[in-house]
Structures are given as structure tokens and as C-alpha cells.
Amino acid sequence: MIDRLERNIRYLRVSITELCNLRCRYCMPEDGVCKKRHEEMLTEEELIRAIRAAASLGIEKLRITGGEPLVKKNVVSICRRAAEVEGIREVCLTTNGVLLPQLAKPLKEAGVSRINMSLDTLNPEKYAYITRIGTLDQAMAGLEAALDAGFEKVKINAVLIGGFNDDEIVPLAELTKKYPVDVRFIEMMPMYDSGDFDSKAFIPYTTVLDKLPEAVETAPDGGVARLYRLPGGQGSIGLISPVSAHFCGTCNRIRLTADGKVKPCLHSGDEYSLKGLDYDGMVAVLKDAIWNKPAWHGELSAENRSQAGRNMNQIGG
Ligand code: SAM
Ligand code: SF4
């Protein structure tokens, strides 16, 4: 569906849980989230109904996210049913990878076409620090499991954090030489509760280019990343700049939270509830949300935090 600014909205990011088995410092508080009452969250039936309603309006691509989507017991069933919805051409999933050793194969069989895996550092101590409770070994086992299950071009998402991983840009980028993966560096976005990061932590995507003088720019693939390749690299290196150079004018996505709120813009407080609605009701609300998608997400910086009203684990990234 075309919004009032003539953007063609074709991509829905669906968060299926706010819960997570990690506690990344830029994403959620240390003590986790207050578990919402079961009745507040979308049921599997409502979720699939919402996806059917969105597909009827032209949504073709889904990304299943969270919180951590793999902690949701029915994640495989959700993915299978989502992939079967008429009009949906691609079901992708974003995960921290910890549970991929058990779930990569079932997800592949369920019709998930691509996996993005978050990995901000290759240093075990730093991984334990940034995730508060994770181990690098678990994440790396998840990456191997995704590749063994036959997922092609797994994407590694690394959040760029000044003073934390700007000294690891080269080794992270060189994962594209070691594995058949793409690596995406994403500017850290200042959510209202994204830890104690000060302005020095919010570094622009150009920092990556400074560290990779041999990277050669390649043609864009229709996504939001500027793409590059290292000599000998199997996959691409992407730079995503929601903070320093926003891409709102060509944004083609909307989001659905686990508690049933359509968010037409990641950083806006605007929310449209689908909870409890029948199919026609969901179509009407989705139309309203898409039509009224904000023009842009407003200034973001350490001082000007996101107006989303939620942390990232409650939206899905
Ligand atoms: N748990 C899964 C994961 O970590 O991949 C999926 C949900 S997570 C909220 C989705 C993506 O959002 C991850 O790649 C994560 O690194 C990213 N993210 C979380 N908080 C962020 C922030 N403040 N700025 C930029 N990216 C963020
Ligand atoms: Fe969990 Fe993903 Fe947020 Fe990390 S980024 S706390 S893995 S939801």
C-alpha cells in the first residue's frame, strides 16, 4: 500500500515476544522486562490474522524478531504459517543465535529464507559485558548451526559502539572472508533506556570506512544499507545509518509489536492496536497506520532520544 508520502510499504517486522535470553546494554534493562499478562499479547491466531491482513495490503516481506524470537515456544509454527500466507514472498528472522543449534534446521524446514544474527564483538570478555549474560561460544555455535542448516548469506548485525567495538571493525568485517556471510554495521540508536552510553558511544557509519580503506563500494540491493566488499570477501559489508543520515524518505517498513501495536515508524510514539480485532478490523487499522506513517523519525542523538516510548526489545529493531 502507498502511504500519504507515496512510499510503497511492503515490509512488516513482527516482534513475537518482548522476552530475551540476553540483556544487551543498548537494548533492554538489566533486570529484563515486566512480563506482560498473557491476555495483553497477540495469540498465534491473531498474529497470523494480522499477517494475512497486512499481505492483503501489499506486504510481501516479513521479518520475525523480538525480544529474542527463538525463546518463543511456538516460533517454528509461527514461521511456517507466516510463510504459507498468500502474498508473503519472504520470511526472514533476526536472532542473537544462542538457540540456533536446536532451531536452525526446523526453521529452515518451516520456510524461513534468511537469518540475521546479532554479534557486536569477537572478544569473549566484551561479548559477556555487552550482553550481560551471554557467551561468545554460544553465539558462534549458532552461526555455525545456521550455515550447516543451509541458510545462505546469513547476515551478521553489529551495532557500532564508540569506545567498545570501533577497534574491532576490521576483524568483524573480515568475517566475510572466513564465512559466507554479509556483515552489517548499524549505528546505535538512542532509545529511552539504552544504558549509560554517552555521546562518544554514538559514532557515525563513516568510522567503518575510515578503518577499511580497501573496501570497494558495490551496487545497492534495494535495502537501507550502503554496500561495500573487501578484496577476497565472500559477502558484502553494509553500513546502516539511522542516526547520522536517516533513510525515512524511502522507508518501506512498518512494525507489529508482540502486544499487537502497529508502529508505522520505529521512533514515533504512534501506535495502532490490532489486539482483539477480526480480519476486517485489522485491515482497517493497518490502512490507517500505513497512510499516517510519519515523514521522518526526528533528530536522534545522545541528547535527543527516540520518541518510541519503548526499548528496542519491545519493538524488534
Ligand atoms: N534478539 C534478536 C537480536 O538481537 O538479533 C532480535 C531482536 S533485536 C531488538 C533486533 C536488532 O536490534 C539487533 O540486531 C540488535 O542489535 C538491534 N538493536 C537493539 N537495540 C539497538 C539500538 N539501541 N541501536 C541499534 N540497534 C539496536
Ligand atoms: Fe535481546 Fe536482541 Fe535486545 Fe540483545 S538486542 S537484548 S539479544 S532483544
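Here's what I pulled together on the structure shown here. (Residues numbered from 1 in each chain as written. Chains lettered and ligands numbered in written order. Predicted model: local features only at pLDDT ≥ 70, side-chain atom pairs only at ≥ 80, totals over all residues. Heavy atoms only, no water.)

1. Some remarks on the layout of surface pockets
Here comes step 1: By volume, the second largest pocket amounts to about 480 Å³.
Here comes step 2: In terms of residue class, the lining of the second largest pocket is made up of 10 nonpolar, five polar and seven charged. (1 Å grid on protein atoms, 1.4 Å probe; cavity = no way out; pocket = protein on both sides within 12 Å on 5 of 7 lines; lining within 4 Å. Points joined across faces, edges and corners; volume = space filled by probe spheres on them. Nonpolar A, V, L, I, M, F, W, Y, C, P; charged D, E, K, R; others polar.)

2. What to know about the packing of aromatic side chains
Here comes step 1: One pass over the full model with this rule turns up one aromatic pair.
Here comes step 2: When the centroid spacing of 6.2 Å and the interplanar angle of 35 degrees are considered together, the rings of Tyr-129 and Phe-164 count as tilted. With Tyr-129 in helix α4 (residues 124-131) and Phe-164 in the loop between β5 (154-160) and α6 (169-173), this residue pair connects regions lying 35 residues apart in the sequence.
Here comes step 3: Exposure remark for Tyr-129: the relative accessible area of 44% places this residue in the partly exposed category.
Here comes step 4: Using a relative accessible area of 9% as the deciding quantity, one classes Phe-164 as buried.
Here comes step 5: We note Arg-25 situated over the ring of Tyr-129; from NZ or CZ to the ring centre the distance is 3.8 Å.
Here comes step 6: In this arrangement the basic side chain of Lys-108 is found over the ring face of Phe-151, its NZ or CZ atom lying 5.2 Å from the centre. (Phe/Tyr/Trp six-rings, centres within 6.5 Å; stacked < 30°, edge-to-face > 60°. Helix = DSSP H or I, 4+ residues; strand = E, 2+ residues; numbered from the N terminus. Buried < 20%, exposed > 50% of the residue type's maximum accessible area, 1.4 Å probe, protein only. Lys NZ or Arg CZ within 6 Å of the ring centre and 35° of its normal.)

3. Thoughts on the pairing of strand β10 (residues 253-256)
Here comes step 1: Going residue by residue along β10, you find Arg-253 and Arg-255 tucked away on one face and Ile-254 and Leu-256 tucked away on the opposite face as well.
Here comes step 2: Pairing analysis gives four bridges linking strand β1 (residues 11-15) to β10, with the strands arranged parallel. If you follow Val-14 over to β10, its bridge partner there is Leu-256.
Here comes step 3: Across two bridges, β10 lies against strand β11 (residues 261-263) in antiparallel orientation. Considered in β11, the bridge of Leu-256 is made with Val-262.
Here comes step 4: As consecutive antiparallel partners, β10 and β11 are separated by four residues, and within that stretch Gly-260 has a phi angle of approximately 85 degrees, a positive value. (Pairing = 2+ DSSP bridges.)

4. Quick look at the nonpolar core
Here comes step 1: Leu-107 and Phe-185 are the most contacted members of the largest nonpolar core, which has 100 residues in total.
Here comes step 2: Beyond its immediate chain neighbours, meaning those up to four positions away, Leu-107 contacts Leu-70, Val-75, Val-76, Cys-79, Leu-93, Leu-100, Val-112 and Phe-151. (Core = buried A, V, L, I, M, F, W, Y, C linked by side-chain atoms within 4.5 Å. Contact = heavy atoms within 4.5 Å.)

5. Overview of the pattern of salt bridges
Oppositely charged side chains can pair when the atoms bearing their charge come close.
Here comes step 1: According to the stated counting rule, one finds 17 salt bridges in the structure shown.
Here comes step 2: Between Glu-46 and Lys-275 there is a salt bridge, and its shortest N-O distance comes to 2.7 Å. Of this pair, Glu-46 sits in helix α1 (residues 44-56) while Lys-275 sits in the loop between β12 (272-273) and α9 (279-291), placing them 229 residues apart in sequence.
Here comes step 3: Of the residues examined, Glu-46 reaches a relative accessible area of 7% and is grouped as buried.
Here comes step 4: Given a relative accessible area of 27%, Lys-275 falls into the partly exposed group.
Here comes step 5: Glu-60 is paired through a salt bridge with Arg-89; the nearest N and O atoms lie 3.7 Å apart. On the criterion of sequence distance, the pair formed by Glu-60 in the loop between α1 and β2 (61-65) and Arg-89 in the loop between α2 (75-84) and β3 (90-95) is long-range, its members being 29 residues apart.
Here comes step 6: Taking the relative accessible area as the measure of exposure, Glu-60 reaches 26% and is therefore partly exposed.
Here comes step 7: Judged by relative accessible area, Arg-89 falls into the exposed class, the value being 67%. (Salt bridge = Lys/Arg side-chain N within 4 Å of Asp/Glu carboxyl O.)

6. Section: α9
Here comes step 1: Compared with the 18 Å implied by 1.5 Å per residue over 13 residues, the 18 Å span of α9 between its first and last C-alpha is a close match.
Here comes step 2: Looking at α9, one finds that the buried residues are Gly-281, Met-282, Val-283, Val-285, Leu-286, Ala-289 and Ile-290.
Here comes step 3: Buried-residue contacts for α9 involve α1, β10, β11 and β12. (Expected span 1.5 Å × (residues − 1).)

7. Let's talk about the site of ligand 1
Here comes step 1: Taken together, 19 residues lie around ligand 1, and Tyr-26, Gly-67, Glu-68, Ser-118 and Met-189 are the ones closest in.
Here comes step 2: Side-chain polar atom of Ser-118 to an oxygen atom of ligand 1: 2.6 Å apart, as the coordinates give it.
Here comes step 3: With respect to ligand 1, the side chain of Asn-157 contributes an N or O atom lying 3.4 Å from an oxygen atom.
Here comes step 4: Starting from 550 Å² of accessible surface for ligand 1 in isolation, the protein chains cover 95%.
Here comes step 5: Contributions of two or more residues to the shell around ligand 1 are made by β3 and β5. (Near = heavy atom within 4 Å. Polar contact = N/O pair within 3.5 Å; in protein donor to acceptor, adjacent residues only side chain to side chain. Areas by Shrake-Rupley, 256 points an atom, 1.4 Å probe, with all protein chains shown as cover.)

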